[in-house]
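Each chain is listed here by its residues.
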Amino acid sequence: MCIRDRSTQSTWEAKSELIQGGNILKRLHNLDYTKMSESTMKHLRTIIINFNFEEIRKADTACVSMANWCKAMYECFEAYKKVAPQQEKVDRIEAEYKVKMKEVKVMEDALEVIKQKLRELEAEHKKLSEEAKRLNDTKEQTTYKLNNAEKLIDLLGSEGERWTKTISRLKEEEKQLAGNIFLSAAFTSYIGPFTMKYRQRLMELWQKICIENKLRFSNDYSIIKTLGNQMEIKGWNIQGLPADHISVENGILATKAQRWPLMIDPEGQANKWIKNMEKANKLVAVKMTSEGNEYLKAIDQCVQAGRPLLLEDVQQEFDSALYPIFGRKTFKSEGGERISFGEKDIPYDRHFKLYLTSKHSNPHFLPEVCIMLNVINFAVTFDALEEQLLVEVIVKEKPELEEERTRRITEIATYQKQLRDIEAVSYTHLRAHETRHDLVCRLLLEKKKKKKKT
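Every value quoted in this text rests on a predicted model; they were computed, and no experiment measured them. (Residues numbered from 1 in each chain as written. Predicted model: local features only at pLDDT ≥ 70, side-chain atom pairs only at ≥ 80, totals over all residues. Heavy atoms only, no water.)

1. Some details on the overall build of the protein
Argument step 1. A count of helices and strands for the protein gives 17 helices and eight strands.
Argument step 2. Residues classed as buried in the protein amount to 31% of the 454 residues present.
Argument step 3. Sequence-distant contacts, at least 24 apart, represent 71% of the contacts inside the protein between residues at least 6 apart.
Argument step 4. Just so you have it, the protein exposes about 30,700 Å², and 55% of that area is on carbon and sulfur atoms. (Helix = DSSP H or I, 4+ residues; strand = E, 2+ residues; numbered from the N terminus. Buried < 20%, exposed > 50% of the residue type's maximum accessible area, 1.4 Å probe, protein only. Contact = heavy atoms within 4.5 Å. Areas by Shrake-Rupley, 256 points an atom, 1.4 Å probe, with all protein chains shown as cover.)

As structure tokens, this is what we get:
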């Protein structure tokens, strides 16, 4: 301390006063050897060289500590002289490192920005690639559809005239629809019991009523054209229904009307036809004149099982227990549809059908029976018999004509069905613009080509 502090005198009294001062330890503690001058440390070295620690210890143990401290300070200074340049170099390198790290940080931030931009560009590239692929696929599909559409238009070119006529015909039929429906409803409801002569007079009367009320109807109106189907009618003929006009009308009344048919059938023609027509549906035929009221048991079983039932030889009066069956007076009960029969309620199956035939040529049924049932006159009149005989003569004398007629009816019905199916597919899918339009066009092309070949 005395060497460093040049203000202190070198006398023992001055040194003793310095040592005995109250802040000597604090000053020693705060003494920084790194800030010592070279001259001071050289002077200290000349003193330390002359230290004799054994003599000092003998003189005073406290002085030994002071001597060791001085020696340590000198050694630290000498060590510092060697370390200081390296430390400076380290500090310089650390400073440079910090500068470089800041530069690296800036470059990393810039790199991250570039990476983010690259990711955005890659995402945009992927999106554009998908869009390009979608557009390319759309182009191919559109080209394919356009080619099919052109081919379809070429194939349908010949249909234009027929479609124009069909549109005109449908527009005209739309105007006549109400009148035709009125005539058909009146026909199925009231005309059944009458012969051909009276049917014609009734039809003329109803048409006159339509004209008076400005209700348009078809000029060539016929129940056969309105409710009949040529293929179905031909099937009836094969099953035993006579081919004359009145018999075909009766067949329509028996199958299309909502009320069960009660057929006046003295010649048994209707009976034979019904049995053949419903044979595949396991028809049950029972006579109402049978003993033990077997027909009641048959009705009970068929109503529940949903099977067709033919009641033969019916009389002019009926058991009132049959009235709910005749009128289809069903009701909902116990989670299903039921109907009253006699003194009990039985399950009612919607597939149940009822046919009744009577051999009386001129029966007198009660009014309530005529209301509940559709009375149909299958009795053969002279005009009907003449027409039936004419058909039979043609079949016997010119069987090839009948075969040709049958073949043509079958072909026409088949082609008409195919045409309706194709038109339905065309209209539905072309108007809906569905995704499977190309498949539809391909199917239409195939069908149209086949149609043109035939």
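Next comes the rest of the description.
2. As for unusual backbone geometry
Argument step 1. You will see that Lys214, though not glycine, has its phi angle at about 55°, which is positive.
Argument step 2. You can see Lys214 is positioned in the loop between α7 (196–212) and α8 (223–227).

3. Considerations on the sheet that holds strand β2 (residues 284–287)
Argument step 1. Judged by pairing direction, the sheet is parallel, and its five strands sit side by side in the order β2-β3-β7-β1-β8 without closing on themselves. With one partner strand each, in any of the chains shown, β2 and β8 (374–377) form the two edges of the open sheet. Within this sheet the neighbouring strands show an average axis-to-axis angle of 20°, counted without direction.
Argument step 2. Here strand β1 (residues 261–264) runs beside β8; their pairing, made up of four bridges, is parallel. Note on β8: the bridge partner recorded for Pro261 is Asn374.
Argument step 3. Contacts from helix α11 (residues 269–277) reach β1, β2, β3 (308–312) and β7 (353–358), with the element oriented near 160° to β3. (Pairing = 2+ DSSP bridges. Axes fitted to C-alpha atoms, helices over the stretch in contact; angles between N-to-C directions.)

4. Thoughts on the nonpolar core
Argument step 1. Membership of the largest hydrophobic core comes to 30 residues, with the highest contact counts inside it found for Leu311 and Phe318.
Argument step 2. Among the secondary structure elements, those contributing two or more residues to this core are β1, α12 (294–305), β3, α13 (323–327), β5 (336–341), β7 and α14 (367–372).
Argument step 3. Per element, the largest residue contribution to this core is five residues, and it comes from α12.
Argument step 4. Leave out the neighbours within four places in its chain, and Phe318 touches Leu262, Met288, Tyr323, Phe326, Leu356, Phe365 and Val369.
Argument step 5. Counting 28 residues, the second-largest nonpolar core is a separate cluster that includes Ala186, Phe187, Trp206 and Phe378. (Core = buried A, V, L, I, M, F, W, Y, C linked by side-chain atoms within 4.5 Å.)

5. Quick notes on the packing of aromatic side chains
Argument step 1. Across all of its chains, the model carries seven aromatic pairs by this definition.
Argument step 2. These aromatic residues form a ring-pair network of at least three members: Phe318, Tyr323, Phe326 and Phe365.
Argument step 3. A cation over an aromatic ring shows up here: Arg328 above the ring of Trp260, its NZ or CZ 3.5 Å from the ring centre. (Phe/Tyr/Trp six-rings, centres within 6.5 Å; stacked < 30°, edge-to-face > 60°. Lys NZ or Arg CZ within 6 Å of the ring centre and 35° of its normal.)

6. What to know about the sheet that holds strand β6 (residues 344–347)
Backbone hydrogen bonds hold the strands of a sheet together, and the pairing may be parallel or antiparallel.
Argument step 1. Read from one edge to the other, the open sheet built from three strands follows the order β4-β5-β6, with strand pairing classed as antiparallel. Of all the strands in the sheet, the pair left with one neighbour each is β4 (330–333) and β6. Taken pair by pair, the neighbouring strands of this sheet meet at an average axis angle of 45°, ignoring direction.
Argument step 2. For β5 and β6, the ladder comprises four bridges, and the chain directions are antiparallel. In the strand pairing of β6, Arg338 is matched with Pro347.

7. Examining the pattern of salt bridges
Argument step 1. Scanning the model with the defined rule gives 17 salt bridges in all.
Argument step 2. Notably, a salt bridge pairs Glu103 with Lys100, separated by 3.9 Å at the nearest N-O pair. Taken together, the residues span about one helical turn, with Glu103 and Lys100 both in helix α5 (residues 61–156) at a distance of three residues.
Argument step 3. What makes Glu103 partly exposed here is its relative accessible area of 39%.
Argument step 4. Among the ionic pairs, Asp313 bridges to Lys287, the shortest N-O distance being 3.3 Å. Of the two residues, Asp313 sits in the loop between β3 and α13 while Lys287 sits in strand β2, which places them 26 residues apart along the sequence.
Argument step 5. A residue is classified by how much of its surface remains accessible, and Asp313, at 14% relative accessible area, is buried.
Argument step 6. Among the charged side chains, a network of salt bridges with common partners joins Lys287, Asp313 and Lys359. (Salt bridge = Lys/Arg side-chain N within 4 Å of Asp/Glu carboxyl O.)

8. Quick look at the packing of helix α9 (residues 230–238) against helix α10 (residues 245–256)
Two quantities define a packed helix pair, namely the angle between the helix axes and the distance between the axes.
Argument step 1. One way to put it is that α9 packs onto α10 with a least axis distance of 11 Å and a crossing angle of 105°. In terms of axis orientation, α9 runs roughly perpendicular to α10. Along its contact with α9, which presents Glu232, Ile233 and Trp236, the element α10 presents Val248, Gly251, Ile252, Thr255 and Lys256. (Parallel < 35°, antiparallel > 145°, perpendicular 65-115°, else oblique.)

By themselves, these observations are geometric and do not establish any function.
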